[in-house]
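An overview of the molecular structure
Here are the chains, one letter per residue:
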Amino acid sequence: MNRPMNIVIAGGGTAGWMAANYFVNKWPSDKVNVTLVESPDIGIIGVGEGSTPTLKRFFEELKIKERDWMPKCNATYKVSIRFNDWSPGSGVKQYRHPFISQTDTFTQRAFEVNCRTRRLGLDSHVNPEDFLLNGVLAKQNKAPLTPENFPFRMEYGYHFDSALLGNYLRDVAVERSVTHVSAVISDVALHASGDISHLVTDRGNIEGDFFVDCTGFSSTLLQQALGVKFNSYSDNLFNDSAVVLPTHAQENIQVETQSTALSNGWCWSIPLQNRTGNGYVYSASHLAKDKAEEELRRHLGLENSDVEARHLKMKVGQVEQHWHKNCLALGLSQGFIEPLEATALHLVQICIEYFSDMFEKGAFSSVERVSYNAFAKARFDRVRDYIVAHYKLNTRNDSDYWRDNRNNLVLSDSLKSIISTWFNREDLGNEIKRQNIGMHWDSVSWHCLFAGYGAFPALAQNQPGRGDLYIEQNIERFNQGCALNFEHHNAVLLAQQHGE
Ligand SMILES: Cc1cc2nc3c(=O)[nH]c(=O)nc-3n(C[C@H](O)[C@H](O)[C@H](O)COP(=O)(O)OP(=O)(O)OC[C@H]3O[C@@H](n4cnc5c(N)ncnc54)[C@H](O)[C@@H]3O)c2cc1C
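What comes next is a walk through the structure. In this convention, every chain numbers its residues from 1, walking through the sequence in written order. Where totals are concerned, whole chains, interfaces and linings use all residues; where local detail is concerned, this predicted model gives features only for residues with pLDDT of at least 70, and gives and counts side-chain atom pairs only at 80 or more. As a rule here, side-chain values come from all non-hydrogen atoms in the structure, and water together with hydrogens is ignored.

On to the overall build of the protein, then. Elements are defined by DSSP. Helices are runs of H or I of four residues or more, strands are runs of E of two residues or more, and each kind is numbered from the N terminus. Scanning the protein for helices and strands turns up 17 helices and 21 strands. The globule rule used for comparison is 2.2 Å times the number of residues to the exponent 0.38, while the radius of gyration itself is calculated over C-alpha atoms. The C-alpha radius of gyration computed for the protein amounts to 23 Å, which stays within 12% of the reference 23 Å derived for 500 residues, consistent with globular compactness. Categorising residues by exposure relies on relative accessible area from a 1.4 Å probe, with only protein chains included: less than 20% of the type maximum marks a residue as buried, more than 50% marks it as exposed, and the intermediate range marks it as partly exposed. Classification of the 500 residues of the protein by burial places 58% in the buried group. In this description, contact between two residues means that some pair of their heavy atoms is separated by no more than 4.5 Å. At a minimum sequence separation of 6, the contacts of the protein that also span at least 24 residues come to 76%. In the structure as shown, the protein presents an accessible area of about 20,900 Å², 48% of it carried by carbon and sulfur atoms. For accessible areas, the Shrake-Rupley method is used with a probe of radius 1.4 Å. Any residue's cover is judged against the shown protein chains and nothing else.

In structure tokens, the structure reads:
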């Protein structure tokens, strides 16, 4: 092709604008032209306000500084997720799953050895947040920014207003030469080959060589026009609904998401600079919509408030092929694994990155389609497994929902093997290596989950004394010492607002 390739992105939610920015950043305009078409009348989903640390890499690659985008999106730092009330049966009220940072290479072995000791039946210190630096920062409410003389790289994510982030990414993309069209797509026209030829809109036809479906759950291009099948995860992830209600901003803005188990699901609490986002994710076949709203209001102390709640349906699963013909689906149109652990934008990002590499490697043809589809499918399945484990391991007894989750035997072979390795006291790190799944969730994250739930074989009757050897030695001193280098979250956000 002598002329530049025309890539048309349908949909201007976070997925669409992330893709647009990534493409214009990666490919010069004499190679690729990017057009994004979206309808403000249809709007975006408007939730999805927590990220994993990969988003940091996204902004770094785009050369967008935190002090530029964060204040404009009411964004805050995120170093951990705090899980409340997921496993009361094992005596654990709450635990943290901190993002793993470079300093943790000094302490994670002790954490894993203590977990191994505990799996063998001897009592030992296994609270993840005491071993991993981001857990300590979360407890002290400190921002994860490193002073220049701190020689380790910290990993962290963000909380942000998704609508504002979309607007911000749109402005950057348009400035960097993405063509933005506001129009409603009413039809998708195909060539005889089955490839998409153009989008029919109320502003005329939009032709392209390659199309990216970012139209959200409706998946107007990939699922509707090209008929790609959607495979639901409903047999092992029961949640299909959410109800959302904001509360005031926190006085001391937390540096972590809270995820609190409720009667038939769980509630997120995401601290932004100007408000706190909250949402109850639940299973509609276990709890009626109005009861869910009532319970969320009670949980937030909003019984008498007239703030209106938003109700959403979620389509949980993934498409059979993420790239079919000349169309790639990204974001909710390719699939969704419910918001626990906030993995959706993470999947969007790694799919954009891998697709771009494969597309370029195949000289902008479809030769790498099969390997890309295998990559995307595995990513979704393995992330799904980690989320499923949160439900499988619960020890709540207050509803059928929790018992059904615990008793559910529909698990992948991969997850079954992880769980049996743990309870059979075998080497979890080796099992993760054997399955080659460390790129999805590594050994430490799995240890956090099992240990956080207090999910261990029974304690031995004869205990030789307290087995908390490791934490009593140098780890606490090390982490507390490291934490002295970090500033309080509010102070950092304030400085950032003043352009510092
Ligand atoms: C309850 C819930 C909580 C979530 N929490 C998180 C979280 O904490 N972290 C996380 O990473 N993700 C989360 N997600 C997922 C996250 O919201 C999405 O991955 C993200 O917002 C990307 O959405 P999207 O761009 O794919 O779709 P959308 O935001 O729905 O955007 C779709 C776009 O397509 C356009 N469009 C659709 N049809 C047409 C048409 N016919 N013509 C023209 N334009 C059209 C719309 O105008 C819109 O611009 C959550 C999702 C849900 C449901």
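The disulfide criterion is simple: two cysteine sulfur atoms within 2.5 Å. Inspection of the entire model under this criterion finds zero disulfides. Free cysteine cysteine 73: the closest other cysteine sulfur is in cysteine 214, separated by 18 Å. Note on cysteine 482: no disulfide assigned, nearest cysteine sulfur contributed by cysteine 448 at a separation of 17 Å.

Looking now at the site of the ligand. Within the structure, the ligand sits among 30 residues, and Gly12, Ser39, Val47, Gly50 and Ile185 are positioned closest to it. A distance of 3.4 Å separates an oxygen atom of the ligand from a polar atom in the backbone of threonine 14. At 2.8 Å from a nitrogen atom of the ligand is found a main-chain nitrogen or oxygen belonging to isoleucine 185. Burial of the ligand by the protein chains amounts to 95% of its free accessible area of 1,000 Å². At the level of secondary structure, the elements contributing two or more residues to the shell around the ligand comprise helix H1 (14–26) and helix H10 (344–361). It suffices for a single heavy atom of a residue to lie within 4 Å of a molecule or strand for the residue to be listed as near it. Polar contacts here mean pairs of N or O atoms no more than 3.5 Å apart (in protein, one a potential hydrogen donor and the other a potential acceptor; neighbouring residues in sequence count only if both atoms are side-chain atoms).

In the sections that follow, a salt bridge refers to a side-chain nitrogen of Lys or Arg positioned within 4 Å of a carboxyl oxygen of Asp or Glu. Counted under the stated rule, the structure contains 29 salt bridges. With a shortest N-O distance of 3.9 Å, glutamate 60 and arginine 153 are connected by a salt bridge. A residue pair is termed long-range when its members are at least 10 positions apart, and glutamate 60 in helix H2 (residues 54–61) and arginine 153 in the loop between helix H6 (133–140) and strand E6 (157–159) qualify at 93 residues. Taking relative accessible area as the criterion, arginine 153 reaches 40% and is therefore assigned partly exposed. The partner of aspartate 398 in a salt bridge is arginine 396, with the nearest N and O atoms 2.5 Å apart. Given a relative accessible area of 42%, aspartate 398 falls into the partly exposed group. Overall, arginine 396 belongs to the buried group, its relative accessible area being 10%.

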